[in-house]
Amino acid sequence: MTRKRAPLVDLSILRRQAEAQLIAGRKKHLDVTASPDEMQRIIHELAVYQIELEMQQDELLQTRLELEESLDCYTELYDFAPLGYLTLDREGVIRKVNLSGSKLIGIDRSHLIGDRLGGFILAEDLPGYNAMLERVFSSRDHASCEVILQRDGTSSSFDPFISGTTDVLHSRTVRIDAVVSNDGQECRAVISDISMQKQVERENKALMERLIQARRTKSIDQPGGESTGNFNHQLLDKVIHSRIRFAALSYLYVVEQACFVEIKKQVRTTDGNLSVHMRMLELAEYISCDKDVQSRKPQTIYRITPKGHDAFMQYKECLMAFLGT
């Protein structure tokens, strides 16, 4: 939004300063007793010079307005960026921070300026943060670390299978990416919230551990400590063991009958490719094919046969045996 700005200095003050300089340097100027022609020339030169100054003043005001609009745009981009931006000195003191950064830390921006970022980091993560800060200023290269930001000075334990309300309220896991400034006295840091990513990783890890434990328990319960799963791939039905044929037969197993266009939409393949695979299922007597007319348009209707139903169930049981479920 364009806003009208006041000049940097009041024009009346500039005029008084100019008049004072004129009086102080009057001896250097031409004598006022010059000829009329000379006076006309001087007046003309002064008028042209005045217009030039006014034009320069307009250009300066326009340039100033553009610069201030650019500054407003930069400020909005900086403050309302989705990531937290901070400027830190060599001691880790916060010199600048945007609104997203203050919101992520959970402290008002006015209270963050001049405070140490390390004071908001969990004690266990401080060594990693300090090492990153030292590495940034010593090597002048990009460095990063992952830490937990405390809120209200409180940390909490986390169970991935219990609601993480307390964790969300009092701490956040963040990634800090930092790079040193050109003068080497400050570093620019970007803070991104990775709490949800870490939560998903913990849940996946815990789930995997439980699955492994369950598999081990099941294996121990089997006679002789061996699993009864059969991993002979020859038991798989080669007619069904194809992506398109398996998808088409699975769909017919659920809906019992469907037209060619409907199956093609579900399987997501071409007409020619689907026709070949449906023909193979038909030759194996897993499906039947009938011609029909619907809305005055010829339709090819496919149905799963009892033989196809049994073959699909056997294929499914074979896969479950492979997976040990």
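This write-up is about the structure you can find in this document.

Conventions adopted
Residues numbered from 1 in each chain as written. Predicted model: local features only at pLDDT ≥ 70, side-chain atom pairs only at ≥ 80, totals over all residues. Heavy atoms only, no water. Helix = DSSP H or I, 4+ residues; strand = E, 2+ residues; numbered from the N terminus. Buried < 20%, exposed > 50% of the residue type's maximum accessible area, 1.4 Å probe, protein only. Contact = heavy atoms within 4.5 Å. Core = buried A, V, L, I, M, F, W, Y, C linked by side-chain atoms within 4.5 Å. Phe/Tyr/Trp six-rings, centres within 6.5 Å; stacked < 30°, edge-to-face > 60°. Polar contact = N/O pair within 3.5 Å; in protein donor to acceptor, adjacent residues only side chain to side chain. Salt bridge = Lys/Arg side-chain N within 4 Å of Asp/Glu carboxyl O.

### Topic: the overall build of the protein chain
Alright, step 1. Along the backbone of the protein chain there are eleven helices and eight strands.
Alright, step 2. The buried share of the protein chain, taken over its 325 residues, is 29%.
Alright, step 3. Taking contacts inside the protein chain between residues at least 6 apart in sequence as the whole, the part at least 24 apart equals 53%.

### Some details on the nonpolar core
Alright, step 1. Grouped together as the largest cluster of nonpolar side chains are 26 residues, with contacts concentrated most on Leu86, Leu88, Leu117, Tyr129, Met132 and Ile176.
Alright, step 2. Every element with two or more residues in this core is listed here: β1 (84–89), β2 (94–97), α3 (99–105), α5 (126–139), β3 (143–150), β4 (171–180) and β5 (186–193).
Alright, step 3. Considering every element that reaches this core, the biggest residue donor is α5, with five residues.
Alright, step 4. In this structure, Tyr129 is in contact with Leu88, Gly92, Leu117, Gly118, Ile121, Cys145, Val147 and Ile176, ignoring residues within four places of it in sequence.
Alright, step 5. Membership of the second largest hydrophobic core comes to 23 residues, among which are Ile244, Leu252, Leu274 and Leu281.

### Some remarks on the packing of aromatic side chains
Alright, step 1. One pass over the structure, following the stated rule, counts four aromatic pairs.
Alright, step 2. With a centroid separation of 4.8 Å and 35 degrees between ring planes, the pair formed by Tyr253 and Phe312 is classed as tilted. Residue Tyr253 is located in helix α8 (residues 243–255), and its partner Phe312 is located in helix α11 (residues 306–323); the two are separated by 59 residues in the primary sequence.
Alright, step 3. You can call Tyr253 partly exposed: its relative accessible area is 28%.

### Regarding the environment of Lys291
Alright, step 1. Topologically, Lys291 is positioned in strand β7 (residues 287–294).
Alright, step 2. Separated by eleven residues in the primary sequence, Lys291 and Tyr302 have C-alpha atoms spaced 8.9 Å apart.
Alright, step 3. Other than its neighbours up to four places away in sequence, Lys291 contacts Gln299 and Thr300.
Alright, step 4. Here the side chain of Lys291 touches Thr300 through a polar contact of 3.0 Å, side chain to side chain.

### Quick look at the pattern of salt bridges
Alright, step 1. The final tally for this structure, using the stated rule, is ten salt bridges.
Alright, step 2. When the shortest N-O distance is used, the salt bridge between Glu186 and Arg188 registers 3.4 Å.
Alright, step 3. Accessibility expressed as a relative area gives 24% for Glu186, which makes it partly exposed.
Alright, step 4. Between Arg303 and Asp290 there is a salt bridge; the shortest N-O distance is 2.6 Å. Of this pair, Arg303 sits in strand β8 (residues 297–304) while Asp290 sits in strand β7; the two residues are 13 residues apart in sequence, bridging distant segments of the chain.
Alright, step 5. By relative accessible area, Asp290 is classed as partly exposed at 35%.

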